[in-house]
Amino acid sequence: MINVTRRQFLKITAAGLGSSSLALLGFSPEPALAELRNYKLARTTETRNTCPYCSVSCGVLLYSLGDRSKNVKSEIIHIEGDPDNPVNRGTLCPKGAGLLDMIHSADRLKYPEVREPGTTEWKRISWDEALDRVAKHLKADRDANFIKTNDAGVTVNRWNTTGFLASSAASNEAGYLSHKVLRGLGNIALDTQARI
Amino acid sequence: MTNHWVDIKNADLILIMGGNAAEAHPCGFKWVVEAKANRKARLVVVDPRFTRSAAVSDFYAPIRSGSDIAFLGGVIHYLLLNDKIHHDYVKAFTNASFLINDSFSFTDGLFSGYKADKRSYDAATWQYQLDEQGFAKVDDTLQNPSCVFQIMKRHYARYTPEVVNQITGTPQADFLKICEMIAETAVPDRVMTICYALGWTQHTVGTQNIRTMAMIQLLLGNMGRAGGGVNALRGHANVQGITDQCLYSEVLPGYLGAPTDADKTREEYLAKRTPKPLRPNQMNYAQNFPKWHTSLMKAWYGKAATAENGFCYDWLPKKDAAYDVLALFERMYQGKLNGFICQGFNPLASAPHKVKIDAALAKLKFLVVIDPLATETAEFWKHYDEFNPVDSAKIQTEVFRLPSTCFAEQDGTFTNSSRVIQWHWKGADGPGESMSDTDIIGGLFVKLRALYAKEGGALPEPVLGLAWPYRIATQPSPEELAMEISGKALADVADPKDATKILAKAGEQLAGFAQLRDDGSTAAGNWIYCGMWSQTGNLTARRDPADPTGLGQSLGWGFAWPANRRILYNRAACDLSGKPWDASRAVIAWDGSKWGGNDIPDMRPDAKPDEAVMPFIMNPEGVARLFAFERLLDGPLPEHYEPFETPLDANPLHPNNPQALSNPAARVYPGDLEALGKASEFPYVASTYRLVEHFHFWTKHSVLNAITQPQQFIEISEELAREKGISNGHRVRVRSKRGQLVAVAVVTKRIRSLTVNGRKTHLVGIPFHWGFRGATHPGYITNVLTPFIGDANSQTPEFKTFLVNIEKA
Ligand code: SF4
């Protein structure tokens, strides 16, 4: 039997080639063709991404069901190392090998929630309410504590009574935007996980 | 990393110290194995534990946690004593020949300029001697007693093999064997790389740990070389990128020092940060600071930033104090913070002294947690048995938990440890109503802006004036942001050498930071990322792994900052004439008219070798600093100081000066000194660390990872186990001055006791991946044990060395 990788195999079978190729693979044509619609991976969309854990930043391939058209909900069903990535060359370590379970973890948050002072439970709220309430808190604190000039009369325009800690798992674009917004508001009480 | 993951394969000797790459960076460690298999490289591991990296090493030596500078200082002494240095390199490319101010001194563990009441140094005496033109004086013979080489020689003469053994516990023979192996790379055609991680940074002497190693690499001539460098194996997939975006109070994107109260005007601010050359002919690249800063102001404030208003300099907040993680929690603890936002960060688990963090969070009016997962921080108010024994009713903090998407559900870039920026694509939507971080921050800002437009408030101008050119205001797209970070021309940018030649037309993306201007005609959100999205498109999305020279550079894969350069300081890979030190590992070379090779030259392309433009172009002296006259707060030369919790009564190097027991310049908050334990009560050294199956407090939410490593444990040596009557599988209680945890004991040969300063010293190993949320068995947050004190320079907490006691639970 010739050497065929799984992806080549899927390509051959999904393309529905004639009996000769399938016979080469050791199948009799009829049952193999009858199996076609059951190959989940053959119907997946492949997306290139990066393992978010350590800074080797291994290339990964995400396989999702759904073709990414607007009205279709995609679902990631398999993840593996990207063999083209020059650093990891297709490998993943035990951390990265569990990525699928992190994406689908039971602990993923699905809705905005609030815990009111002194209570013991979360309460689901809408995004609109969540962002409204947070925006009002931020504005009230900024307006009450903004410092325009220091004791020596120097313009300092700072706000340091609300703090912000940024993630080192967020993208550069998210980090940059957070930074821009924070300094834009005059905030200097910001730091990141990257420090520790 | 000054070099990159694949480049490790080019090394002859690999030192892993202050890290455990086989376990924490497994797929990067592959390149260590590759070097061993293909070029017979040898691997040396120095670590308090016989780690998985040690298991495949050619030579392993144990060391007491927290004594790395003593070890490395001993290596410097060995290299100098035995004349095992790369002479031409050291003479030309370092400041070994520079003369230092004659009033510089080092006495009884303290450098000149120490102010005990402030626990800080005045660096006035650490400076170069300057001539009339303002250039540093040098002595090319390296004989002048005031030159760096001689100062260094005297400083490390104390670090004899006997002293190294006394402080580190490393057997002398092991230490000397490693010195010999390292010394072999002093010749031009042998190269060593060093891979370290948090095992070096998480100490009160963290920055100086790394500096000591950098000095060794300079003495050996291993910086800028393929297979060499000083390589930090960093944490998260984008920890490098977030560091570069500089979400730190003290810097703006691209490491531009943020203005403080002392910088009253833009002119003063720029002048202080724009260095003058300290030697003739040097590039002094930081002289371009005004271009980088002005371009940032244009990216942030757009049309509002004009030459007339100093490009909105007044709008930039001026920093008055420290706001690092420890400082923030200290402020919170003192009731000085009302609100707090945690974006993808779980400080209740990751910050030291959990009890203090708990108390601090309870003082907030509101807390906002943005995260894909249910973190401990978001539920600090909730009672979880002994793991989080709080009384919810007493905690008045209003807490918001906002669901964000994770990596697989967003487009954007991550920057890996090799500084390579790589685009990733979204594979599916996030669960439920989760939103991306950019949409959450964008949505929040648009709401705030609307409130300011409607109601006014404190200084509304910068809020209303912040440049917000995004097609959908509440959803700045990753593409728009990446282009903004990279930078564009706002007016035609002409060639400075030929005004008729336009390098970039108005509106075009810039090709690189050389095109940035200080007159407001360019905008770039982060100068070191300039060019990652040029007029030719998104270079971070490039996927050409081609490696024509076999050195592993892959210049067509993603985009490395700066300027797609893969090996920093690569000019130093050649001798003064521009010829590679080692032709078989040539990076760049001078071809008679320009610099070129298989990397982007870290040098002006037309700088003739006889112009003597030196490789360390960001330094105004053009050479690397064996002696650091600025930037380090705790001394120009690394010195061994004990951890803040130490098993010793005195610093063996300065037994009579209690001020020099631990880092004299480390910041100590009131109350934290009292929260430090003494060896009489807590006799064992403890260290927290990672396991191959888990990543921080993240993978415990993943079932597969939870299955492979489900339950919290600690590790002790057979000897300590015997002394304490503990067997494998027993439950033990580990106590520090600040808290305690209970876990299963694993008795292992991987840890052994060491004799330090004549006394037996034991290590308690504490893997840290558990918490009260997740798919694993619930466990204690190990930071219930750790001290609230950080490195003098970076304020990275001392997680790697503290004192505990243990007993059967
Ligand atoms: S798969 Fe493992 S080695 Fe690769 S990035 Fe993820 S955590 Fe790091």
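Small disclaimer: the values here were computed from a predicted structure and weren't measured. All residue numbers refer to positions counted from 1 along the written sequence of the respective chain. Written order decides the labels, with chains lettered from A and ligands numbered from 1. Two thresholds apply to this predicted model, a pLDDT of at least 70 for residue-level local features and 80 or more for giving and counting side-chain atom pairs, whereas whole-chain, interface and lining totals are computed over all residues. Each side-chain value is derived from all of the structure's non-hydrogen atoms; neither hydrogens nor water enter the calculation.

Trainee: In this structure, what is going on with the packing of aromatic side chains? I would like to understand it.
Mentor: Describing an aromatic ring pair means giving the distance of the ring centres and the angle of the ring planes. Residue and element names in this part refer to chain B. Any two of the Phe, Tyr and Trp rings considered here, Trp counted by its six-membered ring, make a pair once their centres fall within 6.5 Å; the pair's planes then place it as stacked at under 30 degrees, edge-to-face at over 60, or tilted in between. On inspection of all chains with the given rule, the structure shows 38 aromatic pairs over all chains. Taken together, a centroid distance of 5.1 Å and an interplanar angle of 90° make the contact between F71 and F175 edge-to-face. Pair noted here: F71 is in helix 4 (residues 68-81) and F175 is in helix 8 (residues 172-183), with a separation of 104 residues, a long-range link. Note on exposure labels: buried denotes an accessible area under 20% of the residue type's maximum, exposed denotes more than 50%, and partly exposed covers the range between, all computed with a 1.4 Å probe on protein chains only. Exposure remark for F175: the relative accessible area of 1% places this residue in the buried category. Look at F106 and F111: their rings are 4.6 Å apart centre to centre, the planes differ by 50°, and that puts the pair in the tilted class. Going along the chain from the N terminus, every DSSP run of H or I of four or more residues is numbered as a helix, and every run of E of two or more is numbered as a strand.

Trainee: What is the right way to look at the interface of chain A and chain B in this model?
Mentor: Many analyses report the size of an interface as the accessible area lost when the parts associate. Contacts are assigned to residue pairs that have any heavy atoms within 4.5 Å of one another. Counting residues at the interface gives 117 residues for chain A, matched by 171 residues for chain B. What counts as buried area is the accessible surface, traced by a 1.4 Å probe, that two parts surrender upon association, with contributions from both included. Between chain A and chain B, roughly 12,400 Å² of surface is buried when both sides are summed, and carbon and sulfur atoms account for 62% of that area. It is Y176(A), R195(A) and I196(A) that lose the most area in chain A upon contact with chain B, and together they represent 7% of the buried surface on that side. Basic side-chain nitrogens of Lys or Arg form a salt bridge, by our definition, when they fall within 4 Å of a carboxyl oxygen of Asp or Glu. Summed over the shared surface of chain A and chain B, the result is 13 salt bridges. E455(B) is the partner of K139(A) in a salt bridge, and the nearest nitrogen-oxygen pair spans 3.1 Å. Pairs of N or O atoms within 3.5 Å make up the polar contacts considered here, provided that, within protein, one atom can donate a hydrogen while the other can accept it, and that residues adjacent in sequence are counted only when both atoms are side-chain atoms. Here chain A is connected to chain B by 94 residue pairs in polar contact (both at pLDDT 80 or more).

Trainee: Any chance you could explain helix 10 (residues 206-219) of chain B here in plain terms?
Mentor: Side chains of residues three or four places apart in an α-helix project in the same direction, reflecting 3.6 residues per turn. Residues and elements named next belong to chain B. With 14 residues, helix 10 should reach 20 Å at 1.5 Å per residue; the first-to-last C-alpha distance of 21 Å fits that figure. Most of helix 10 sits inside the fold, with 12 of its 14 residues counted as buried. Inspection of helix 10 places G206, Q208, N209, I210, R211, T212, M213, M215, I216, Q217, L218 and L219 among the buried residues, and these make up the whole buried set. With its phi angle positive at about 70°, G221 sits one or two positions after the end of helix 10. The span you would expect from a helix comes to 1.5 Å times its residue count less one.

Trainee: Would you mind going over the layout of surface pockets with me for this structure?
Mentor: Any space left empty among the atoms is revealed by the rolling of a water-sized probe across them. A pocket, in this scheme, is an open set of points on a 1 Å grid over the protein atoms alone with protein on both sides within 12 Å along at least 5 of 7 lines, while a cavity is a set where a 1.4 Å probe fits but cannot get out; residues line either one if an atom lies within 4 Å of a point. Grid points are joined across faces, edges and corners, and a volume is the space filled by probe spheres set on the points. Looking at the second largest pocket, its volume works out to about 890 Å³. In this structure, the second largest pocket is lined by 34 residues; those nearest its centre are E409(B), D411(B), K426(B), D429(B) and D439(B). Of all elements in the fold, only helix 6 (172-184) of chain A together with helix 17 (437-455) and helix 19 (478-486) of chain B reach the threshold of two or more residues within the lining of the second largest pocket. For the lining of the second largest pocket, the element with the most residues is helix 17 of chain B, which contributes 3 residues. Classifying every residue of the lining of the second largest pocket by side-chain character gives 8 nonpolar, 14 polar and 12 charged. Polar here means any residue other than Ala, Val, Leu, Ile, Met, Phe, Trp, Tyr, Cys and Pro, which are nonpolar, and Asp, Glu, Lys and Arg, which are charged; Gly is therefore polar.

Trainee: Sorry, what's going on with the side chain of D68(B) here?
Mentor: All names here are of chain B. Mapped onto the elements, D68 comes out in helix 4. Only four residue types enter the charge count, namely Lys and Arg as positive and Asp and Glu as negative; His and the chain termini do not. Buried within the structure, D68 lacks any salt-bridge partner; R64 is the closest side chain of opposite charge, at an N-O distance of 9.0 Å. A polar side-chain atom of D68 sits 2.8 Å from a polar atom in the side chain of W200. When sequence neighbours within four positions are dropped, the list of residues in contact with D68 reads M17, I63, W200, H203 and N209.

Trainee: I keep staring at the pairing of strand 15 (residues 412-415) of chain B and nothing clicks. Help me out?
Mentor: Walk down a regular strand and you will see the side chains alternate between the two sheet faces. All names here are of chain B. In strand 15, alternate side chains face the same way, and those of G412 and F414 on one face and T413 and T415 on the other are all buried. With 4 bridges joining them, strand 15 and strand 16 (residues 420-424) adopt antiparallel strand pairing. Bridge pairing in strand 16 places G412 opposite H424. Any two strands with at least two DSSP-identified bridges between them are counted as paired. Connecting strand 15 to the next strand, strand 16, in antiparallel fashion are 4 residues, including R419 with a positive phi near 70°.

Trainee: Looking at this structure, how should I read the domain arrangement of chain B?
Mentor: Note: domain ranges come from an automatic or database domain assignment. Taken domain by domain, chain B holds domain 1 (1-235 + 566-640), domain 2 (250-319 + 477-540), domain 3 (325-416 + 419-465) and domain 4 (658-808). For domain 1 of chain B versus domain 3 of chain B, the distance between C-alpha centres works out to 39 Å.

Trainee: Just to check I follow, could you spell out the packing of helix 14 (residues 325-333) of chain B against helix 16 (residues 354-361) of chain B for this structure?
Mentor: Residues and elements named next belong to chain B. Their axes nearest at 8 Å, the elements helix 14 and helix 16 cross at an angle of 55°. As summarised for this structure, helix 14 and helix 16 are arranged oblique, according to the angle between their axes. As for the relative orientation of helix 14 and helix 16, their crossing is left-handed in sense. In this structure, helix 14 uses F329, E330, M332 and Y333 to contact helix 16, whose residues at the interface are K356, I357, A359, A360 and L361. Each axis is a line fitted through C-alpha atoms, and for a helix only the stretch in contact is used; angles between axes span 0 to 180 degrees, taken between their N-to-C directions. Put simply, angles under 35 degrees are roughly parallel, angles over 145 are roughly antiparallel, angles from 65 to 115 are roughly perpendicular, and the rest are oblique. Left-handed describes a crossing in which the near helix is turned anticlockwise from the far one by less than a right angle; the clockwise case is right-handed.

Trainee: Mind showing me how you'd approach the environment of G507(B) here?
Mentor: Residues and elements named next belong to chain B. With respect to the secondary-structure elements, G507 resides in the loop between strand 19 (498-504) and strand 20 (522-523). It is 6.3 Å that separates the C-alpha atoms of G507 and K488, two residues lying 19 residues apart in sequence. When residues no more than four places from it in sequence are discounted, the contact partners of G507 are K488 and A489.

Trainee: Teacher, can you tell me more about the site of the ligand here?
Mentor: When we say a residue is near a molecule or strand, we mean one of its heavy atoms is within 4 Å of it. Neighbouring the ligand are the residues C51(A), Y53(A), C54(A), S57(A), C58(A), L92(A), C93(A), K95(A), G96(A), P26(B) and C27(B). Grouping the constituent residues of the shell around the ligand by class yields 8 nonpolar, 2 polar and 1 charged.

Trainee: Where do I start with the UniProt feature "domain: 4Fe-4S Mo/W bis-MGD-type" (unreviewed entry) in chain A in this structure?
Mentor: In the numbering used here, UniProt assigns the feature "domain: 4Fe-4S Mo/W bis-MGD-type" (unreviewed entry) to residues 44-107 of chain A. In this annotation, residues 44-107 of chain A is assigned 8% helix and 33% strand; the end-to-end C-alpha distance for the span is 25 Å. UniProt positions are given in the numbering used here, feature names are shortened, and annotations may be inferred rather than shown by experiment.

Trainee: Help me understand the pattern of salt bridges, please; the structure alone is not making it clear to me.
Mentor: Close approach of charged atoms allows side chains with opposite charge to pair. Tallied over the full model, the rule gives 56 salt bridges over all chains. Of the charged contacts in the structure, one is a salt bridge between R543(B) and D82(A), with a shortest N-O distance of 2.8 Å. Of the two residues, R543(B) is situated in the loop between strand 22 (537-538) and strand 23 (559-560) and D82(A) in the loop between strand 3 (75-81) and helix 4 (99-103); the pairing between them involves two chains. For R543(B), a relative accessible area of 28% corresponds to the partly exposed category. Taking relative accessible area as the criterion, D82(A) reaches 1% and is therefore assigned buried. Linking R565(B) and D602(B) is a salt bridge whose minimum nitrogen-to-oxygen distance equals 3.2 Å. Residue R565(B) is found in the loop between strand 23 and strand 24 (588-590), and its partner D602(B) is found in the loop between strand 25 (595-597) and strand 26 (684-689); the two are separated by 37 residues along the sequence. Overall, the relative accessible area of 8% leaves R565(B) in the buried class. Among the charged side chains, a salt-bridge network with shared partners connects D107(A), E113(A), E379(B), K382(B), R401(B) and R773(B).

Trainee: What is the right way to read the state of the cysteines from this model?
Mentor: A covalent bond between the sulfur atoms of two cysteines is referred to as a disulfide. In this description, the term disulfide denotes a pair of cysteine sulfurs within 2.5 Å. Taken as a whole and judged by the stated rule, the model has 0 disulfides over all chains. C195(B) carries a free sulfur, and the closest cysteine sulfur to it, the one in C54(A), is 12 Å from it.

Trainee: Even after reading the chapter, I still don't get empty space enclosed by the protein, so can you show me in this structure?
Mentor: Residue and element names in this part refer to chain B. Counted by the stated rule, this structure contains 9 cavities of 30 Å³ or more. Together, 30 residues line the largest cavity, and G19, N20, G199, Y689 and K800 are the ones closest to its centre. Contributing elements (two or more residues each) for the lining of the largest cavity: helix 1 (21-24), helix 9 (198-201) and strand 26. Each of domain 1 (1-235 + 566-640) and domain 4 (658-808) accounts for three or more of the residues forming the lining of the largest cavity. When its volume is computed, the second largest cavity comes out at roughly 130 Å³.

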